[in-house]
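What follows is the residue order along each chain.
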Amino acid sequence: MIGRLRGTLLEKQPPQLLMDVNGVGYEVSAPMTTFYELPETGSEVILHTHLAVSEHSHVLYGFLRESERALFRTLVKVSGVGPKLALAILSGMSAEEFVGCVQSGDSSALTRLPGVGKKTAERLVVEMKDRLKDWQGVAVSSEGVTQAITPATDSVKDAISALVSLGYKPQEASRMVSQIECEGLASEEIIRLALKSAAS
């Protein structure tokens, strides 16, 4: 099991990134909450990882904080929630926001996430409530974590592609992005604004 990676960030293509660890390139899928805080490419980064093994694939998931990985691992134990949906959930809201929804029984807020219908949201609240009652996730201030990111030449297209990868239909992803003033924004910022708008 690969539990932690420390290396150089080579590429960022939400929801995937590429890391060089001693000459080996690791492709890692990460939630947008991690992408928002990643340094510029060429910088060193440490990720807490989870390897999901299925019959057809081995996918490595990465998180900046141990608390996010712990929540991801708890999510995939819920009936009907696989790694892809867990990643979408953690991209649509922070770990602290998700825990707050579960603890307050706010299933309607969860249905705004891609791939989460009413039944899945209710199941998440019921099954996660006991598991999260002692949650010790640390709330992280967004102050000072915004990185100076050079906008991709095709950041809108990249943002739409990332939203589709997170479970939104192509038309829906395009509509979400079209409602944002995207000029001069990096794809990560466009995705953040689109997800924030979808959740409101």
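It should be noted that the structure appears before, not after, this text.
Residues numbered from 1 in each chain as written. Predicted model: local features only at pLDDT ≥ 70, side-chain atom pairs only at ≥ 80, totals over all residues. Heavy atoms only, no water.

A. Examining the overall build of the protein chain more closely. The number of helices and strands found in the protein chain is nine helices and five strands. Ordered by position in the sequence, the α and β elements of the protein chain form the string β-β-β-α-β-β-α-α-α-α-α-α-α-α. Across the 200 residues of the protein chain, 40% fall into the buried class. Expressed as a percentage of contacts within the protein chain between residues at least 6 apart in sequence, the contacts between residues at least 24 apart total 57%. For the protein chain, the accessible area works out to roughly 10400 Å², and carbon and sulfur atoms hold 48% of it. (Helix = DSSP H or I, 4+ residues; strand = E, 2+ residues; numbered from the N terminus. Buried < 20%, exposed > 50% of the residue type's maximum accessible area, 1.4 Å probe, protein only. Contact = heavy atoms within 4.5 Å. Areas by Shrake-Rupley, 256 points an atom, 1.4 Å probe, with all protein chains shown as cover.)

B. Quick peek at the packing of helix 2 (residues 66-75) against helix 3 (residues 83-92). It is at 9 Å that the axes of helix 2 and helix 3 come closest, and there the two elements cross at 135 degrees. Taken as axis vectors, helix 2 and helix 3 run oblique relative to one another. Two packed elements cross with a definite hand, and for helix 2 against helix 3 that hand is right-handed. Here helix 2 contributes Glu68, Leu71, Phe72 and Leu75 to the contact with helix 3, which in turn contributes Pro83, Ala86, Leu87, Ile89 and Leu90. Counted by class, the contact of helix 2 with helix 3 contains eight nonpolar, no polar and one charged residues. (Axes fitted to C-alpha atoms, helices over the stretch in contact; angles between N-to-C directions. Parallel < 35°, antiparallel > 145°, perpendicular 65-115°, else oblique. Left-handed = near helix turned anticlockwise from the far one by under 90°. Nonpolar A, V, L, I, M, F, W, Y, C, P; charged D, E, K, R; others polar.)

C. Focus on helix 7 (residues 155-165). By the burial criterion, the buried members of helix 7 are Ser155, Asp158, Ala159, Ala162 and Leu163. End-on, the buried residues of helix 7 take up no more than an arc of 135 degrees, which puts them together on one face. Its buried side turned inward, helix 7 meets strand 1 (4-13), helix 8 (170-178) and helix 9 (187-199). Taken from the residues just after helix 7, Gly167 is the one with a positive phi, measuring 115 degrees. (Arc of directions from axis to C-beta.)

D. Quick look at the nonpolar core. Among the nonpolar cores identified, the biggest contains 28 residues, and Leu71, Leu75, Phe98, Leu110, Leu124 and Met128 are the most heavily contacted of them. Contributing elements (two or more residues each) for this core: strand 5 (58-63), helix 2, helix 3, helix 4 (95-104), helix 5 (107-110) and helix 6 (118-131). Not counting chain neighbours up to four residues away, the residues in contact with Met128 comprise Leu71, Thr74, Leu75, Val78, Phe98, Val102 and Arg123. In this structure, Met19, Phe35, Ala159 and Met176 belong to the second largest nonpolar core, which totals 27 residues. (Core = buried A, V, L, I, M, F, W, Y, C linked by side-chain atoms within 4.5 Å.)

E. Region of interest: unusual backbone geometry. That bond from Pro14 to Pro15 is cis: its omega, 5 degrees, falls within 30 degrees of zero. Note on placement: Pro15 falls in the loop between strand 1 and strand 2 (16-21). For Asn22, which is not glycine, the phi torsion reads 50 degrees and is therefore positive.

F. Local environment of the pairing of strand 4 (residues 44-53). In the sheet, strand 1 pairs with strand 4 via five bridges, with the strands oriented antiparallel. Of the residues in strand 4, the one forming a bridge with Arg4 is His48. The pairing of strand 4 with strand 5 spans six bridges and is classified as antiparallel. Note that in strand 5 the partner of His50 across the bridge is Tyr61. Two successive antiparallel strands, strand 4 and strand 5, enclose a turn made up of four residues. (Pairing = 2+ DSSP bridges.)

G. How the structure looks around the side chain of Thr34. Mapped onto the fold, Thr34 is located in helix 1 (residues 32-35). Residue contacts for Thr34: discarding those within four places in its chain leaves Leu47, Gly62, Phe63, Leu64 and Glu68.

H. Quick peek at the pattern of salt bridges. Per the counting criterion, the structure on display carries seven salt bridges. The salt bridge partner of Arg6 is Glu44, with a shortest N-O separation of 3.2 Å. In this pair, Arg6 is assigned in strand 1 and Glu44 in strand 4, connecting sequence segments 38 residues apart. The partner of Arg69 in a salt bridge is Glu66, and the shortest N-O contact between them spans 2.6 Å. Placement of the pair is Arg69 and Glu66 together in helix 2, with a separation of three residues, close to one helical turn. In this structure Arg69 comes out as buried when scored by relative accessible area, which is 10%. Among the residues examined, Glu66 registers a relative accessible area of 36% and is labelled partly exposed. Among the charged side chains, a network of salt bridges with common partners joins Glu37, Arg65 and Glu68. (Salt bridge = Lys/Arg side-chain N within 4 Å of Asp/Glu carboxyl O.)

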